[in-house]
Amino acid sequence: MIRPSTRVRYMAGMVVDSTGSGMYLPLSLLFFHHVTGLPIERVGVIMTAAALFSLVANPIAGVLVDRFGARAVVVGGYLVRAVGFAAYPLVDSPLTMFLAVALVALGDGSYPPSIQSFVAAIARGADRDRLLAAQRSLRNAGLGAGGLIAGAALGLGSEAAYRVIVLVSAAAFAGAALILRTIPVPGGQDRAAGRAGAAGTPAPAAARGSGGYRLVLRDRTFLALTLQNVPTAFGYMVLSVALPVYVTQELDVSASLVGVLYAVNTVGIALLQIPVTRRLIRYRRTRTVAAGAATFGASFAAFALLAGVPVRPVALAGVFAATALFTLGEMLHGAPLSALVSSAAPEETRGRYMAVYQFSWAIPITLAPAVLTALLSLSPVSMWLLLAAGVSGSALTMLRLEPRLPARAVHARVPEDPEETDTEDRRAATATQKAGVE
């Protein structure tokens, strides 16, 4: 069972990280526009080009995790981002802006595979689900708090506020690195990495990641698990990309409502993610993830139906109901899927596995602004129905994959001790074939 001190330190690191991120994210474009004087469109192009470095950092981070341990890569990524943010006030041209943003992008790209591997190293079984749920809850709260702090600072009308905000964000990443560095890792990757670094003591072949990414690419079940997430990852992006355009242009709703809808989502997750996850642990992760994807599908279908509602009060009520449904889907889907994927990956090569899986998020996140806005311009209703069909396909695929996944991934309460796993895998695999949910 995860030690209370470990949980507290991890959560403290997440709060510091997310508060700093929340301060900067709402004004990322505005900061460089203010500092460099470049047109906002050009700032966006430069930031997008530099952000592509995050895609390069992702597979590199997977190798580094398997070589040096997840904690070292998480801490290193935080420090890289701290240096990048500290350099932001020094930006005075398009070139220096590109270099600073690229540095931060490298740290950003290393984060998802390393933090998922780190959570898998410090928490097992149902503890992993609980820790991921608490992380999602506190990160939403931290992002919201950071946004409020940034808004208050900018409201003072001081030009120095922009620079103070990015420097505080840099300090937050450095602080998160210091906090997570103190968390002990019980065996696993970090210990194997330490043995590998000892003089004259070679690491086991598995720990060295013999075969590289070919090991992951030969695992058809894990590749299918990764691919099924792509439609749902596109679905996650509607709140920030498609929904604001849809409700203001198609439903003729005030732009002020967009912030309220975002608050419904973030506050709902911050308040309810932990109690919801506590009740879901008794069920198979695959069933919970599938239910979350199906709930996403229902919310997208509801948004599509609103296009034909002529009565404005009814449409407004429908927007809030569909957003609440979307938030429920996120609570059902997010934390259990993260726990399932990290549990499905072999411990010795978990970094590479998480890096490959992360592409199912990185690619949709990169393409979503262009793809979703293009679909909106063609047919808003068709966009929602296409998204609904995609996430429904993900739900069905998850259920079909269930018998092929390790029992430790499907069942939160199956122990992950190597000495117990084989017996429990056989026992739970038999149970998985039976109808119904535990």
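Below, the structure is looked at part by part. (Residues numbered from 1 in each chain as written. Predicted model: local features only at pLDDT ≥ 70, side-chain atom pairs only at ≥ 80, totals over all residues. Heavy atoms only, no water.)

Focus: the packing of helix α12 (residues 229-236) against helix α16 (residues 312-344)
Applied cut-off: Axes here mean lines fitted to C-alpha atoms, for a helix over just the part in contact, with angles spanning 0 to 180 degrees between N-to-C directions. What counts as a helix is a DSSP run of H or I of at least four residues, what counts as a strand is a run of E of at least two, and both are numbered from the N terminus. Angles below 35 degrees are treated as roughly parallel, those above 145 as roughly antiparallel, those between 65 and 115 as roughly perpendicular, and all remaining angles as oblique. Left-handed describes a crossing in which the near helix is turned anticlockwise from the far one by less than a right angle; the clockwise case is right-handed. Residue contacts are counted whenever heavy atoms from the two residues lie within 4.5 Å of one another. Here the nonpolar group is Ala, Val, Leu, Ile, Met, Phe, Trp, Tyr, Cys and Pro; Asp, Glu, Lys and Arg are the charged ones; every other residue, Gly included, is treated as polar.
Where α12 contacts α16, the two axes come as close as 12 Å, and the packing angle between them is 135 degrees. If you check the angle between α12 and α16, you find them oblique. Considering the relative orientation of α12 and α16, their crossing is left-handed. Together, N229, T232, G235 and Y236 of α12 and F326, E330, H333, G334 and L337 of α16 make up the contact between the two elements. Here the contact of α12 with α16 is built from residues that sort into 3 nonpolar, 5 polar and 1 charged.

A word on helix α3 (residues 40-51)
Each turn of an α-helix holds 3.6 residues, which means side chains three or four residues apart point in the same direction. Let me state the cut-off plainly: One less than the number of residues in a helix, times 1.5 Å, gives the span that helix is expected to have. Partly exposed describes any residue whose relative accessible area lies between the buried limit of under 20% and the exposed limit of over 50%, with all areas from a 1.4 Å probe on protein chains only and scaled to the type maximum. Throughout, the arc means that of the directions going from the helix axis to the C-beta atoms.
In a regular helix each residue adds 1.5 Å, so 12 residues correspond to 16 Å; α3 covers 16 Å between its end C-alpha atoms and thus fits that length. Of the positions making up α3, those classed as buried are V43, G44, I46, M47 and A50. Each buried residue of α3 sits inside an arc of 170 degrees when the element is viewed along its axis, so together they form one side. Away from its buried face by more than 90 degrees, α3 exposes E41, V45 and T48. Looking at the packing, one finds that the buried side of α3 touches α1 (4-24), α2 (28-36), α4 (53-68) and α6 (94-122).

Comments concerning the pattern of salt bridges
To keep things clear, this is the line we draw: One speaks of a salt bridge when a side-chain nitrogen belonging to Lys or Arg is within 4 Å of a carboxyl oxygen belonging to Asp or Glu.
Here the structure, examined in full by the defined rule, presents 9 salt bridges. Where D129 meets R285, a salt bridge forms, and the shortest distance between an N and an O atom there is 2.5 Å. Here the residue D129 occupies a position in helix α7 (residues 126-155), and R285 occupies one in helix α15 (residues 285-306), the gap between them amounting to 156 residues. Assessed through its relative accessible area of 4%, D129 is described here as buried. In this structure R285 comes out as buried when scored by relative accessible area, which is 2%.

Description of the packing of aromatic side chains
How we decide: Within 6.5 Å between ring centres, the rings of Phe, Tyr and Trp (the latter by its six-membered ring) count as paired, and their orientation is classed by plane angle as stacked under 30 degrees, edge-to-face over 60, tilted in between.
All told, the structure shown has 18 aromatic pairs when counted by the stated rule. Pairing Y10 with F118 gives two aromatic rings, centres 6.2 Å apart and planes at 40 degrees, and the pair type is tilted. Taken together, the residues Y10 in helix α1 and F118 in helix α6 connect sequence positions 108 residues apart. Overall, F118 belongs to the buried group, its relative accessible area being 0%. Three or more aromatic residues link up through ring pairs in this structure, and these residues are Y236, Y246, F296, F300, F303, F326, W361 and W384.

Some words on the environment of M331
Mapped onto the elements, M331 comes out in helix α16. Ignoring sequence-local partners within four residues, the contact set of M331 consists of G268, I269, L272, Q273, V276, L280 and P336.

As for the environment of S117
Note the following rule: In the analysis that follows, any N or O atom pair within 3.5 Å is treated as a polar contact, provided that within protein one partner can donate a hydrogen and the other can accept it, and provided that, for residues neighboring in sequence, both atoms belong to side chains.
Mapped onto the fold, S117 is located in helix α6. Judged by its relative accessible area of 0%, S117 falls in the buried class. It is 9.6 Å that separates the C-alpha atoms of S117 and S343, two residues lying 226 residues apart in sequence. Within the structure, S117 has its side chain in polar contact with the backbone oxygen of P113 (distance 2.7 Å).

Structural measurements only, silent on function.
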